[in-house]
Amino acid sequence: MIKEEIDIRVNGKTKIMGVLGNPIEHSISPQLHNTISKLIGKNIIYVPFMCSSENLETAIKGLKALNCYGFNVTIPYKEKIINYLDECSDEAMLIGAVNTVVNRNGRLIGYNTDGDGYAASFEDATKTSFLGKDILVFGAGGASRATTLKAATKGAKTITIVNRTEKKSDEIAKLINNNTSCKAFSLNYSDTKLNTLLRKSDIIVNTTPIGMYPNVDESINKDIVFSDNQIVYDLIYNPTETLLLKRASEQGAKILNGLGMLIYQAVLAYEIITGVKISEELFSTIRTLFLDINKHI
Ligand code: ATR
């Protein structure tokens with residue numbers, strides 16, 4: 001009989017996973033991954049790895065040397081990390097960003113589960129797909145690259161990327177046009193075509209941090225008029241309903257926040273690193289548990 005006071009959660013056989021980034025204090029990945037391990041009874045611990053830019057290479061060598069099972073990568077290293085990995089999936093290379101690294105017999109292999117998390121959460125919540133859809137996306141950063149490429153490979157008809165720095169949206173449009181049969185366009189916020197395009201779009205996606213906590217009173221283009229046959233997807237999950245989503249919902253559009261994508265990309269990363277398949281039942285339990293996560297972070 002083990003004495004109750006003895007902490008037996010971590011022992012000599014415990015595998016180590018984690019999330020590498022800077023800052024890292026606000027990440028909910030530790031809670032998500034440790035909850036999954038707890039629910040399926042895996043002897044794995046998932047911890048935050050705060051790392052400064054100048055120590056990135058050393059940190060990755062250290063993780064390899066210490067036989068880290070696998071880790072996630074977040075802001076600001078999703079792109080830079082590729083230089084220090086042994087191999088990357090084709091999709092991660094195309095996106096130019098990695099959010100999941102698995103240690104396979106001492107070789108670090110990079111993946112990107114953001115796109116699949118985005119598509120799965122979209123299909124799950126809307127019971128429809130990107131096939132044949134006209135999509136308008138705000139922002140052209142890492143999240144935009146992963147999500148627009150996924151929608152394009154899943155058969156979107158057109159994708160228009162609206163960004164402050166047009167060079168970045170130009171690049172994504174070129175990437176999509178060169179690699180998929182979707183027609184992609186790049187647009188500036190001040191372009192006169194924007195309002196017409198917004199009205200004609202089936203799906204409107206925000207990948208920028210505009211409206212994210214603590215700047216909850218900010219919103220992209222306050223004049224957008226939505227209709228009830230549109231879907232508005234804001235990748236932000238804190239707050240659960242941004243000003244953009246609030247207005248879209250009031251005008252009858254179907255709305256989605258970033259919580260679904262956050263959970264899906266984490267579950268997919270967990271599956272890649274551990275080789276464990278998460279059942280639908282377990283997924284549903286995790287989603288229910290994390291639905292009101294903003295109250296706890
Ligand atoms: P992520 O990895 O989450 O996508 P990112 O790569 O920093 O983050 O990208 C953020 C995106 O939001 C960028 O497209 C950025 O625009 P720029 O390319 O012009 O920098 C956009 N963004 C951030 N703050 C913005 C703001 N206040 N107004 C308009 N766009 C903004």
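Small disclaimer: the values here were computed from a predicted structure and weren't measured.

**Student:** So what exactly am I meant to see when it comes to the state of the cysteines here?
**Tutor:** Here, disulfide denotes a covalent bond that connects the sulfur atoms of two cysteines. Applying the stated criterion across every chain, the model contains zero disulfides. Note on Cys51: no disulfide assigned, nearest cysteine sulfur contributed by Cys68 at a separation of 13 Å.

**Student:** Help me understand unusual backbone geometry in this model?
**Tutor:** Trans peptide bonds make up the majority, and among non-glycine residues the majority have a negative phi. Each neighbour pair has its own omega, and for Tyr213 with Pro214 the value is 5 degrees, a cis peptide bond. Examined against the element boundaries, Pro214 turns out to sit in the loop between strand S10 (203-206) and strand S11 (231-234). For the bond running from Asn238 to Pro239, omega is 10 degrees, close enough to zero to count as cis. Note on placement: Pro239 falls in the loop between S11 and helix H8 (243-250). Within the chain, Asn67 stands out as a residue other than glycine whose phi angle is a positive 60 degrees.

**Student:** What is the right way to look at the packing of helix H9 (residues 259-274) against helix H10 (residues 280-290) in this model?
**Tutor:** Helix packing for two helices is described by the angle between their axes and how far apart those axes are. Two numbers describe how H9 lies on H10: the axes approach to 11 Å, and their chain directions differ by 135 degrees. Taken as axis vectors, H9 and H10 run oblique relative to one another. Crossing handedness for the pair H9 and H10: right-handed. Facing H9, whose interface residues are Leu259, Ile263, Tyr264 and Val267, H10 presents Phe283, Ile286, Arg287 and Phe290. Of the residues in the contact of H9 with H10, the class split is seven nonpolar, no polar and one charged.

**Student:** Would you take a moment to explain the pairing of strand S2 (residues 44-50) for this structure?
**Tutor:** Looking along a regular strand, one sees the side chains alternate between the two faces of the sheet. Sheet topology note: the strand S1 (residues 15-21)/S2 ladder contains seven bridges and is parallel. By the bridge assignment for S2, Val19 is matched with Pro48. Between the parallel pair S1 and S2, the chain is carried across by helix H1 (residues 29-40), and the sense of this crossover is right-handed.

**Student:** Sorry, what's going on with the site of the ligand here?
**Tutor:** Taken together, Gly139, Ala140, Gly141, Gly142, Ala143, Asn163, Arg164, Thr165, Lys168, Thr208, Pro209 and Ile210 make up the full set of residues near the ligand. Interatomic distance of 2.8 Å between a backbone N/O atom of Ala143 and an oxygen atom of the ligand. Within the side chain of Arg164, a nitrogen or oxygen atom sits 2.9 Å from an oxygen atom of the ligand. Surface burial for the ligand is 69%, taken as the share of its 650 Å² of free accessible area covered by protein chains. Tallied by class, residues from the shell around the ligand come to four nonpolar, six polar and two charged.

**Student:** Please clarify how the packing of H1 against H10 should be interpreted in this entry.
**Tutor:** Axis separation between H1 and H10 bottoms out at 11 Å; the angle between their running directions is 135 degrees. Here H10 runs oblique to H1, going by the angle between their axes. With respect to the hand of their crossing, H1 and H10 are arranged in right-handed fashion. Packed against H1, whose contacting residues are Gln31, Leu32, Thr35, Ile36, Leu39 and Ile40, the element H10 presents Leu282, Thr285, Ile286, Leu289 and Phe290 at the interface. A per-class count over the contact of H1 with H10 returns eight nonpolar, three polar and no charged.

**Student:** For this particular structure, what's the right way to read H1?
**Tutor:** It helps to recall that an α-helix has 3.6 residues per turn; residues three or four apart then point in one direction. With 12 residues, H1 extends 17 Å from end C-alpha to end C-alpha; this agrees with the ideal 16 Å at 1.5 Å per step. Where H1 is buried, its residues contact S1, S2, strand S3 (70-73), H9 and H10. Positioned one or two residues after H1, Gly41 has a phi angle of 70 degrees, which is positive.

**Student:** Even after reading the chapter, I still don't get the side chain of Ser186, so can you show me in this structure?
**Tutor:** Examined against the element boundaries, Ser186 turns out to sit in strand S9 (residues 183-187). Residue classification places Ser186 among the buried residues on the basis of a relative accessible area of 18%. A polar side-chain atom of Ser186 sits 2.9 Å from a polar atom in the side chain of Ser169. One polar contact links Ser186 to Asp170, side chain to side chain, over a distance of 2.7 Å. Sequence-distant contacts of Ser186, that is, excluding residues within four places in its chain, are made with Ile161, Glu166, Ser169, Asp170 and Ala173.

**Student:** For this particular structure, what's the right way to read the pattern of salt bridges?
**Tutor:** A side chain with one charge may pair with a side chain of the opposite charge, provided their charged atoms come close. Counted according to the given criterion, the structure contains 14 salt bridges. The salt bridge involving Lys64 is made with Asp86; its shortest N-O contact spans 3.1 Å. Of the two residues, Lys64 sits in helix H2 (residues 56-65) while Asp86 sits in the loop between S3 and strand S4 (87-88), which places them 22 residues apart along the sequence. On the basis of relative accessible area, Lys64 is assigned to the partly exposed category, the value being 30%. Among the ionic contacts, a cluster of salt bridges with common partners joins Glu91, Asp116 and Lys150.

**Student:** Got a minute to help me understand the sheet that holds S10 in this structure?
**Tutor:** Hydrogen bonds between backbone atoms are what pair the strands of a sheet, whose relative direction is either parallel or antiparallel. A sheet is described by the order of its strands in space; here six strands give the open sequence S9-S8-S7-S10-S11-S12, paired in parallel fashion. The sheet is open, and its two borders are formed by S9 and strand S12 (254-256), each paired with just one other strand. Each strand of the sheet is rotated relative to its neighbour by a mean of 15 degrees, with strand direction disregarded. Contacting S10, S11 and S12, helix H4 (residues 114-126) runs over the sheet at an angle of about 140 degrees to S12. Where helix H5 (residues 142-153) meets the sheet, its contacts fall on strand S7 (134-138) and strand S8 (158-162), and the angle it forms with S8 comes to roughly 165 degrees.

Quick notes on the rules
- Residues numbered from 1 in each chain as written.
- Predicted model: local features only at pLDDT ≥ 70, side-chain atom pairs only at ≥ 80, totals over all residues.
- Heavy atoms only, no water.
- Disulfide = S-S within 2.5 Å.
- Helix = DSSP H or I, 4+ residues; strand = E, 2+ residues; numbered from the N terminus.
- Axes fitted to C-alpha atoms, helices over the stretch in contact; angles between N-to-C directions.
- Parallel < 35°, antiparallel > 145°, perpendicular 65-115°, else oblique.
- Left-handed = near helix turned anticlockwise from the far one by under 90°.
- Contact = heavy atoms within 4.5 Å.
- Nonpolar A, V, L, I, M, F, W, Y, C, P; charged D, E, K, R; others polar.
- Pairing = 2+ DSSP bridges.
- Right-handed = clockwise from strand over helix to strand, strands pointing away.
- Near = heavy atom within 4 Å.
- Polar contact = N/O pair within 3.5 Å; in protein donor to acceptor, adjacent residues only side chain to side chain.
- Areas by Shrake-Rupley, 256 points an atom, 1.4 Å probe, with all protein chains shown as cover.
- Expected span 1.5 Å × (residues − 1).
- Buried < 20%, exposed > 50% of the residue type's maximum accessible area, 1.4 Å probe, protein only.
- Salt bridge = Lys/Arg side-chain N within 4 Å of Asp/Glu carboxyl O.

Function cannot be read off these values alone, since they describe shape.
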